[in-house]
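Per-entry structural report
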Amino acid sequence: MRSRQQSVGKEAPAYSDNEDASRTDDGAGIWAVADGAGGTGIYAGEWAQYLVRNVSKEPFRDLDQLARWLDNHWERFFNQYQPRTQGDYLIGYKFMHEGSGATLVTLHKQDEQMYWSVYGDAVALCFQPLTGELKASNPDPRQFESAPYLLNWLTPPQSKGFRANAWTHKPGQQYALLSDALGQYVLLAYAVLQGNRDSVRDLAQQPTALGSLAQGHLAHWCEKGSQFYELVWEPLRTALTSADAFKQYTEQLQAGQLLGADDYTAIFIED
Amino acid sequence: MPDLQPVPSSALPVADLQKAVQDVLQRPVKARPYSAQIMRQTPTAFIFLIDQSGSMDERTMYRGQSLSKAAAVAQIINQTLLELMLRCQKGDEIRHYYDIALIGYGGLNDERANLLWSGDMAGKAFLSPAELVKAAIHIEEVTVQRTIRGRVITTTEKRPVWLQAVHHYRTPMKSAICMAESLVKQWLVTQAAKDVYPPTVINITDGVATDATADELLACCDRLKNLHTVDGHALLMNIHVSDEQGKTILFPSKAAELGADQYARLLYDMSSEMPAPYHADIASLFGLDQRTTYVGMCSNADMDALVKFMNIGTPTQHNGHFIANLKLDL
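This is a predicted model, so every value here is computed, not measured. (Residues numbered from 1 in each chain as written. Chains lettered and ligands numbered in written order. Predicted model: local features only at pLDDT ≥ 70, side-chain atom pairs only at ≥ 80, totals over all residues. Heavy atoms only, no water.)

1. Observations regarding the interface of chain B and chain A
Just so we agree on the cut-off: When checking whether two residues touch, look at their non-hydrogen atoms; a contact exists if any pair is within 4.5 Å. Summed over both partners, the accessible area lost on bringing two parts together, with a 1.4 Å probe, is the buried area. Counted as salt bridges are all cases of a side-chain nitrogen of Lys or Arg within 4 Å of a carboxyl oxygen of Asp or Glu. As used in this structure description, the phrase polar contact means that two N or O atoms lie within 3.5 Å; if the pair is within protein, one of them must be able to donate a hydrogen and the other to accept it, and residues adjacent in sequence are counted only when both atoms belong to side chains. Under the scheme used here, helices are H or I runs from DSSP no shorter than 4 residues and strands are E runs no shorter than 2 residues, and both carry numbers assigned from the N terminus. Put simply, Ala, Val, Leu, Ile, Met, Phe, Trp, Tyr, Cys and Pro go in the nonpolar bin, Asp, Glu, Lys and Arg in the charged bin, and everything else, Gly too, in the polar bin.
Facing the 41 residues of chain B at the interface are 49 residues of chain A. With both sides pooled, the region where chain B packs onto chain A buries about 4000 Å², and carbon together with sulfur makes up 53% of that total. Put simply, chain B and chain A have four salt bridges between them. Between E19 of chain A and K90 of chain B there is a salt bridge, with its nearest N and O atoms 3.6 Å apart. For the pair chain B and chain A, the interface holds 14 residue pairs in polar contact (both at pLDDT 80 or more). Looking at the side of chain B that touches chain A, the elements that each hand over two or more residues are α2 (69–88), β4 (89–90), β5 (93–94), β8 (138–148), β9 (151–161) and α9 (320–326) of chain B. Here the element with the most residues in the side of chain B that touches chain A is β9 of chain B; it accounts for seven residues. Here the residues of the side of chain B that touches chain A sort into 15 nonpolar, eleven polar and 15 charged.

The structure is reproduced here in structure tokens:
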């Protein structure tokens, strides 16, 4: 299989920071996106990179596997970064009290199985263009109402934050791994275009930024019929051809009030 | 005494400032307020008003210790400022997500409020988080032993102190509110009508204003609360720390909850209605029923309630919904 990926920071071009990290290993059949969470903890971008770099060859099929993997890897990160905190008491305080957090979504191809795992609110997607069916690791857009679970070296992972399963690969089937804001965008658009609007209407009632987004999706897609492939999926795939195209794509969606402000990272995988 | 006090860091003459403020206020509040993201290009502001009058030397309990109200409030403010700074620490950089002002009333004199930053930052109104690091009066060192995943680690933690316990003189609260109004106006002008989360003003007191009647105080608070960005009106939250008499009132929804307590009623009238995005956190943090209205006040609160109140008013890690809404680069 072959993949394409892009990533852009939320404050680009004014600031170039981006705490997302991704890994595309087409030969081994391993893909991963980690969204470093700057809201709590420190060295979030470094932690996200560390996580994707160390994703094992075997998929995370259950929480125990994920927890054991974290048990085996947390200390190397701690030992590398804890000495760096010594010169700055604020960094030291934050490191020891809050650790480093990131969401993580992985996809492993083994034979004809595509094993996915998600910790937090990043999203793995499987789309079949022949039928127009979209499957998602965590499909309910209401999940984005609350702060996500974060994989943190400081604490063991919790069962509520983890999901894993597998999709059987079929010819032509395509996959995407998306950081949370892009995941929100695709799930909201799909729900409205497929006519599954109750959850989006619930969200649109909320007096939050996510509520505004949901309202934007209801208004934008309502009259468009079921053209998810043409209007959402293929434009996402096309946007991943270059950094400029991806930046322009996310800016347009933001301007149309369909995409929340965030770092954006996407991997697209196909035959 | 004039209502609008000169603030040292103001760059504009008063007439120009008023004109600029009017220009900002001409942009109406958007349909879904209090949803702007806090980023370096769109920061917000916090202003803390601290009663430093003589009565703040009364004893209270905080974290199992008997200490003066002034000392307890100083500890809580220092912890809150540290939390705000920690939210801004990203990698090796302290990002400019907030402008922070600290105003004391009483303490230094009977008649007017004062900006409290000291050292190199003395006289400045707002500090960025990076400046806040330099404004600490001193740093306390504490040896802490922590167990992380079974590994015992001993570290020396440093905790900055910006506010010390002071309790002198009377309670010129109106002067403090008016100074906050001036600061909010200046801040709005610097934001040039951008879609920024509006300033939050948190007033902590144990007494009654000695420089104004209730009507004068309310007029001053109303002016402050009428200031706005596109994202919403400035929020004024008031907390009356406990004298161990009377019933504790937290985020009431209507004046009838206050009974005959005139001072609680005044605080109620002074305070902002809390925006809807806060409601779930207020209900869960304080164990309150879900209601359609919560007013940002607290009367006869003990120190634990004050800590929780500060968690609602400022985005710390304990306030998950607010953090998600403010989206500090998550």
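Having seen the structure, we can now continue with the description.
2. A closer look at helix α5 (residues 214–226) of chain B
For the record, the criterion: An expected span of 1.5 Å times one less than the residue number is assigned to each helix.
Between its first and last C-alpha, α5 of chain B extends 18 Å over 13 residues, near the 18 Å set by a 1.5 Å rise per residue. Looking at the buried residues of α5 of chain B, the elements they touch are α4 (173–190), β10 (200–205), β12 (232–233), β13 (235–241) and α6 (262–270) of chain B.

3. What about the nonpolar core?
All names here are of chain B. Short version of the rule: The definition of a nonpolar core used throughout is a set of buried Ala, Val, Leu, Ile, Met, Phe, Trp, Tyr and Cys residues joined through side-chain atoms within 4.5 Å. Buried means the residue's accessible area, taken with a 1.4 Å probe over protein chains only, is under 20% of the maximum for its type, while exposed means over 50%, and partly exposed covers the values in between.
Counting 59 residues, the largest nonpolar core has F48, I77, W117 and I204 as the members making the most contacts within it. With 13 residues, α2 is the largest single contributor of residues to this core. With residues near it in sequence (within four places) discarded, I77 still touches F48, I50, L102, L163, I204 and M310. Counting residues in each nonpolar core, the second largest holds 44 residues, with L17, I47, L183 and I249 among its members.

4. Notes on the packing of helix α7 (residues 228–239) of chain A against helix α8 (residues 243–255) of chain A
Residues and elements named next belong to chain A. Note the following rule: The angle between two axes is taken between their N-to-C directions and runs from 0 to 180 degrees, where each axis is a line fitted to C-alpha atoms and a helix contributes only its stretch in contact. Throughout this description, any angle smaller than 35 degrees is read as roughly parallel, any larger than 145 degrees as roughly antiparallel, any in the 65 to 115 degree range as roughly perpendicular, and the remainder as oblique.
Direction vectors running N to C along α7 and α8 enclose 140°, while the axes themselves pass 8 Å from each other. The orientation of α7 with respect to α8, classified from their angle, is oblique. Here α7 contributes V232, P235, L236 and A239 to the contact with α8, which in turn contributes A245, F246 and Y249. In terms of residue class, the contact of α7 with α8 is built from seven nonpolar, no polar and no charged.

5. Considerations on the environment of S253 of chain B
All names here are of chain B. Within the fold, S253 resides in the loop between β14 (249–250) and α6. When the C-alpha positions of S253 and G296 are compared, they lie 9.3 Å apart, and in sequence the two are 43 residues distant. What S253 contacts, discounting residues up to four positions off in sequence, is Y268, R291 and T293.

6. Some thoughts on the sheet that holds strand β11 (residues 264–270) of chain A
In a beta sheet, neighbouring strands pair by backbone hydrogen bonds and run either parallel or antiparallel. Residue and element names in this part refer to chain A. The test is simple: Two strands qualify as a pair provided DSSP detects at least 2 bridges between them.
Spatial strand order, β1-β11-β10-β6-β7: five strands in an open sheet with antiparallel pairing. Each having just a single partner strand, β1 (2–8) and β7 (133–136) make up the two edges of the open sheet. Strand-to-strand twist of the sheet, defined as the mean angle between neighbouring strand axes without regard to direction, takes the value 15°. Note: strand β6 (residues 123–128) against strand β10 (residues 174–178), five bridges, orientation antiparallel. The residue bridging A124 from the neighbouring strand is L177, located in β10.

7. Overview of the packing of helix α4 (residues 180–193) of chain A against α7 of chain A
Residues and elements named next belong to chain A. So the rule is basically this: For any pair of crossing helices, the crossing counts as left-handed if the nearer helix is rotated counterclockwise from the farther one by less than a right angle, and right-handed if it is rotated clockwise.
Running from N to C, α4 and α7 point in directions that differ by 170°, and their axes come no closer than 10 Å. By the angle class used here, α4 and α7 are roughly antiparallel. Remark: the crossing between α4 and α7 carries left-handed chirality. Together, Y185, V186, A189, Y190 and L193 of α4 and F228, L231, V232 and L236 of α7 make up the contact between the two elements. Considered class by class, the residues forming the contact of α4 with α7 number nine nonpolar, no polar and no charged.

8. So, the environment of V196 of chain B
Structurally, the position occupied by V196 of chain B is in the loop between α4 and β10. Apart from residues no more than four positions distant in its own chain, V196 of chain B is found in contact with A36, T42, P43, W187, Q191, T229 and D231 of chain B.

9. Quick look at the pattern of salt bridges
Applying the stated criterion to the full structure yields 30 salt bridges over all chains. When the shortest N-O distance is used, the salt bridge between R2 of chain A and E270 of chain A registers 3.9 Å. Highlighted residues: R2 of chain A in strand β1 and E270 of chain A in strand β11, separated in sequence by 268 residues. Overall, R2 of chain A belongs to the partly exposed group, its relative accessible area being 45%. Of the charged contacts in the structure, one is a salt bridge between K19 of chain B and D23 of chain B, with a shortest N-O distance of 3.1 Å. Taken together, the residues span about one helical turn, with K19 of chain B and D23 of chain B both in helix α1 (residues 14–25) at a distance of four residues.

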